[in-house]
Amino acid sequence: MNYTKIISLILPIVIFIGCAKTNNEYNKPAMYWYQGILKEIKFGNLEGADNYYSSLQSEHINSPLLPEAMFILGQAHMSQEEYILAEFYFDEYLKRYGTIQNADYIAFLKLQAHYYAFKNQSKDQEFITDTTQALDDFINKYPNSRYIPYVEYMQVKFVLGQNELNKAIANVYKKQHKKEALEKYLDRIDEELDKQTHPKPSHIPWYVFIFNW
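Conventions and cut-offs
In every chain, residue numbers begin from 1 and rise along the written sequence. Side-chain atom pairs in this predicted model are given and counted only at pLDDT of 80 or more, local residue features only at pLDDT of at least 70, and totals for whole chains, interfaces and linings cover all residues. Just so you know, side-chain values use all the structure's heavy atoms and leave hydrogens and water out. Any two rings among Phe, Tyr and Trp, with Trp reduced to its six-membered ring, count as a pair given centres within 6.5 Å; such a pair is stacked if its planes are under 30 degrees apart, edge-to-face if over 60, and tilted if neither. Here a strand is any run of E in DSSP of at least two residues, a helix any run of H or I of at least four, and the numbering for each starts at the N terminus. Each residue is assigned to one of three classes by its accessible area relative to the maximum for its type, calculated with a 1.4 Å probe on protein chains only: buried under 20%, partly exposed between the two thresholds, exposed over 50%. Only lysine NZ and arginine CZ atoms are considered, and such an atom sits over a ring when it is within 6 Å of the ring centre and within 35 degrees of the ring normal. To form a nonpolar core, buried Ala, Val, Leu, Ile, Met, Phe, Trp, Tyr and Cys residues must be joined to one another through side-chain atoms within 4.5 Å. Nitrogen and oxygen atoms within 3.5 Å of one another constitute a polar contact, given that in protein one can donate a hydrogen and the other can accept it, and given that sequence-neighbouring residues count only through two side-chain atoms. Contact between two residues is taken to exist if any of their heavy atoms lie within 4.5 Å; hydrogens are not considered. By definition, a salt bridge exists where a carboxyl oxygen of Asp or Glu is found within 4 Å of a side-chain nitrogen of Lys or Arg.

Novice: Can you walk me through the packing of aromatic side chains in this structure?
Specialist: Think of a pair of aromatic rings as described by two things: how far the centres are apart, and how the planes are tilted against each other in angle. Throughout the structure, instances matching the rule amount to 20 aromatic pairs. With a centroid separation of 5.2 Å and an interplanar angle of 85°, the aromatic rings of Tyr53 and Tyr89 are classed as edge-to-face. Of this pair, Tyr53 sits in helix H3 (residues 46-59) while Tyr89 sits in helix H5 (residues 83-97), and the two are 36 residues apart along the sequence. Grouping residues by exposure puts Tyr53 and Tyr89 together as buried. Each member of the aromatic cluster is reached from another via a ring pair, and the members are Phe71, Phe90, Tyr93, Tyr97, Tyr105, Phe108, Tyr147 and Tyr150. Directly above the aromatic system of Tyr32 lies the positively charged group of Lys28, at a separation of 5.2 Å from the ring centroid. Lying across the ring of Tyr185, Arg188 places its NZ or CZ 4.6 Å from the centre.

Here it is, written out as structure tokens:
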């Protein structure tokens, strides 16, 4: 599943809803929209907060309140386990307001959104691969970041997740007696990391297991 494509599909919907919800409110000060964002977050209505953000961005594109609103909304969506939208806000913040001082922190929050979104039973190979690459990129780009230990921890978890997925796929090919495909996925397993960490198999609910490999 391509999460970048999902975000690109969700964003226009959010903006459209925001326009529809606030069609009787316009030409307001930036502080009005900003306070609306905070109010909706306080009441747990993140859809309403997104709507106010859409109006703030539309009417006050250069407002100094905009980056703070992005950051707050990213954290709010993260706390509500809405990781795709959280990543969207962090990504926008990084693109538009990232500096030498804060770039590694915002990039770390993006990775954190990926980490919390990671579901072993989803078997989303593309998501695991893309995130593993993003973790590698962070380490190469910010080698002296204070967040390196946390990123390295996430990196290990994703590699172990990739190992588990490769084992599951290999098991399918083993049952189908497809030797070449079986060996291909067995070769992708990081045996050394498995030996060092002794990972436990991911817990898969029975109702998922029924339809699982």
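Novice: Would you mind going over the nonpolar core with me for this structure?
Specialist: Note on soluble globular proteins: their nonpolar side chains tend to be buried together. If you look at the biggest cluster of nonpolar residues, it comprises 46 residues, and the most contacted ones within it are Ile37, Tyr53, Leu56, Phe90, Phe108, Phe138 and Val151. Among the secondary structure elements, those contributing two or more residues to this core are helix H2 (30-42), H3, helix H4 (65-79), H5, helix H6 (103-117), helix H7 (125-141), helix H8 (148-175) and helix H9 (179-187). Counting residues per element, this core draws most heavily on H6, which supplies eight residues.

Novice: Is there a simple way to think about the side chain of Ser63 in this case?
Specialist: Within the secondary structure, Ser63 sits in the loop between H3 and H4. Given the relative accessible area of 10%, Ser63 is considered buried. A distance of 3.1 Å separates the side chain of Ser63 from the backbone nitrogen of Leu65, its partner in a polar contact. Setting aside its immediate chain neighbours within four residues, Ser63 contacts Ala30 and Leu56.

Novice: Sorry if this is basic, but what is going on with the pattern of salt bridges here?
Specialist: A pair can form between side chains of opposite charge whenever their charged atoms are brought close. The tally for this structure, following the rule as stated, stands at three salt bridges. A salt bridge links Lys95 to Asp91; the shortest N-O distance between them is 3.2 Å. Of this pair, Lys95 and Asp91 both sit in helix H5, four residues apart, roughly one helical turn. Between Arg96 and Glu92 there is a salt bridge whose closest N-O contact spans 3.9 Å. Here Arg96 pairs with Glu92, and both are found in helix H5, just four residues apart, close to one helical turn. By relative accessible area, Glu92 is classed as buried at 19%. Each of Asp91, Lys95 and Lys110 takes part in one network of salt bridges that share partners.

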